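Topology and contacts: notes
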Amino acid sequence: MAGLQRVVRSTVIDAPIERVWAVLRDFNSHDQWHEVVEQSRIEGSERSDQVGCVRSFTLRDGNRIREQLLTLSDTEHKSTYCIVEATLPLQRYVATVTLKPVTDGNRTFWHWESTFATPPGMERELRDTVAQGVYEAGFENLRRHLRQGSDQRAPGAAAMPTAMPMATRRIGVERYGGPEELRPQDGEAAAPREGEVRIRQRAVGVNFLDVYLRRGWVPQMLPVSGAAPGVPGMEAAGTVVDVGADVSGFLPGDRVAYLGPVPGAYCSVRTVPAEWVVRLPAAVEDDVAAALLLKGITADYLLHDLGRVQRGTRLLVHAAAGGVGLLVCAWARRLGAVVIGTVSSEEKARIAREYGCEHVIVTRDYRFADAVQRACGGADVVIDGLGDAAREENLAALARRGHWISLGQASGPLTPLAPDALVAKSLSFSRPVVFDYVSTQAQLAERAQRVWNALSDGAIRLPPIERFSLESAAQAHARLESRGSAGALVLLP
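Residues numbered from 1 in each chain as written. Predicted model: local features only at pLDDT ≥ 70, side-chain atom pairs only at ≥ 80, totals over all residues. Heavy atoms only, no water.

Examined against the element boundaries, Gln 201 turns out to sit in strand S10 (residues 196-206). In terms of polar contacts, Gln 201 uses its side chain to reach the backbone carbonyl oxygen of Cys 267, at 2.8 Å. Filtering out sequence-adjacent residues up to four positions away, Gln 201 remains in contact with Ala 236, Ala 237, Gly 238, Tyr 258, Ala 265, Cys 267, Ser 268, Arg 270 and Pro 493. (Helix = DSSP H or I, 4+ residues; strand = E, 2+ residues; numbered from the N terminus. Polar contact = N/O pair within 3.5 Å; in protein donor to acceptor, adjacent residues only side chain to side chain. Contact = heavy atoms within 4.5 Å.)

This is how it looks when you write it as structure tokens:
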């Protein structure tokens, strides 16, 4: 069997929680409202709300399933059930349904999640079946069922009152320093104002920019004090809770991701400008979106806008086994480039090769120029996240008319580069910031879609993802800075 899969979906239903719960607590009601279910019965003449009862049902496609009710709580509006027998190859399937009232009391937040194992090679197919065919279709089916009923919100009911702040758990920085300065705190996510969206976050991306903010290398982006701690994080994925006035294109319950120039993503609920937000395709899970959005868009503009990478381009990628590095290597190889990468260990070298890096240089002391010249005669483009320690080696590794893209400063801030350092080989230098390439919502949506398309058609491969709880943000930063991680890191609130 393959590893354990997890599917999570949430939405908001335009009906009071008591009405929604009256339908969902009936373990035998789904053939009345879910279109994929043909007929259902409770075995042994037990009540349909009796913990331990088993429902046996047939799907319209002919599959048969038996599920057992494990828990049912009227106070928490929560139930758990499992599959005990099925013609679908869903193994160890356990699902939980949880309802919570939205702040106006007349709408209901519905969270549905499950874990299960699948036969090897069927992971995506069965995830999509559960996510789309069961959960997302179920949300729409229940909305339709309730609209047809007679006990929705009464005609003439009062308009929804102004939304209230929501509690959020966040990671604050009260003073600049090491990972230990990342400390969990309680806070509030403000009600969305005009043009804003409030999001219940399911996954938060961790990037080296967050490390720079924590260290105080970019104090204008993250001013901190004991009275007003800064919250790092530039991207996350989750579910829309509510929206402010004049927001179009997003509804409560929509699955979304965002990327913005103002930090604050290390939290469980956040209110952000709608122009930072994009809808997520059903096939892209929350943790994948948080791992890929910023890094994938970065890879896109590095290769297509700045590097103009094409067949035969000699591309040097530092930290080739990192989150951005693996995406760049795979995408550049698809474009026909000759890809050279630097890594800090033999294990990372193996991973970089798997992702398309043709020539891998293992170095921990930032010595690589001679190896690059031997491998390909010099690099046309260097993508550098190392910083000052790699300065002279980058200049030596570049071919004539080469372009050095300074993307980060893991080894320390880059000292000013004199023009005379470039003139010997007619070199060029750039220092881009991702937010200037997604300065409008349309640009963000277009580039995000290019990333999702590249993932779907195999131009990029999903990098390894290391997952940490939100409360373990300090451990995630320590892992990132240790040079021991490969791929992407995400926090799960």
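What follows concerns the nonpolar core. Counting residues in each nonpolar core, the largest one holds 64 residues, and the members touching the most others are Leu 259, Ile 297, Leu 315, Val 328 and Trp 452. If near-sequence neighbours (up to four positions away) are discounted, Val 328 is found in contact with Ala 299, Leu 302, Leu 303, Leu 315, Val 317 and Ile 383. (Core = buried A, V, L, I, M, F, W, Y, C linked by side-chain atoms within 4.5 Å. Buried < 20%, exposed > 50% of the residue type's maximum accessible area, 1.4 Å probe, protein only.)

What follows covers the state of the cysteines. All told, the structure shown has zero disulfides when counted by the stated rule. Cys 82 takes part in no disulfide bond, and the closest cysteine sulfur, belonging to Cys 53, lies 11 Å away. No disulfide involves Cys 329; its nearest neighbouring cysteine sulfur is the one of Cys 357, lying 4.3 Å away. For Cys 329, a relative accessible area of 0% puts it in the buried group. (Disulfide = S-S within 2.5 Å.)

Turning our attention to helix H12 (residues 473-481). Of the positions making up H12, those classed as buried are Ala 473, Ala 474, Ala 476, His 477 and Leu 480. What you see down the axis of H12 is that its buried residues fit within an arc of 160 degrees, all on one side. For H12, the secondary structure elements touched by its buried residues are strand S8 (166-173), strand S9 (182-189), S10, helix H4 (208-215), strand S21 (465-469) and strand S22 (488-492). Among the residues trailing H12, Arg 483 stands out with phi positive, at a value near 65 degrees. (Arc of directions from axis to C-beta.)

Reading across from one edge, S1-S7-S6-S5-S4-S3-S2 is the order of the seven strands in this open sheet, with antiparallel pairing throughout. The sheet is open, and its two borders are formed by strand S1 (5-13) and strand S2 (37-42), each paired with just one other strand. Across the sheet, the mean angle from the axis of one strand to that of its neighbour is 20 degrees, orientation sign disregarded. Of the pairings in the sheet, the one linking strand S3 (residues 54-59) to strand S4 (residues 64-73) comprises five bridges and is antiparallel in character. Its bridge partner lying in S4, Val 54 is registered against Gln 68. (Pairing = 2+ DSSP bridges. Axes fitted to C-alpha atoms, helices over the stretch in contact; angles between N-to-C directions.)

To continue, consider the environment of Lys 425. Relative to the elements of secondary structure, Lys 425 occurs in the loop between helix H10 (420-423) and strand S20 (428-430). Expressed as a C-alpha distance, the spacing of Lys 425 and Ala 396, which sit 29 residues apart in the sequence, is 9.7 Å. Filtering out sequence-adjacent residues up to four positions away, Lys 425 remains in contact with Leu 395, Ala 396, Leu 398, Arg 400 and Arg 401. Among the polar contacts listed, one links the side chain of Lys 425 to the backbone oxygen of Leu 395, at a separation of 2.9 Å.

Purely geometric stuff here, so don't read any function into it on its own.
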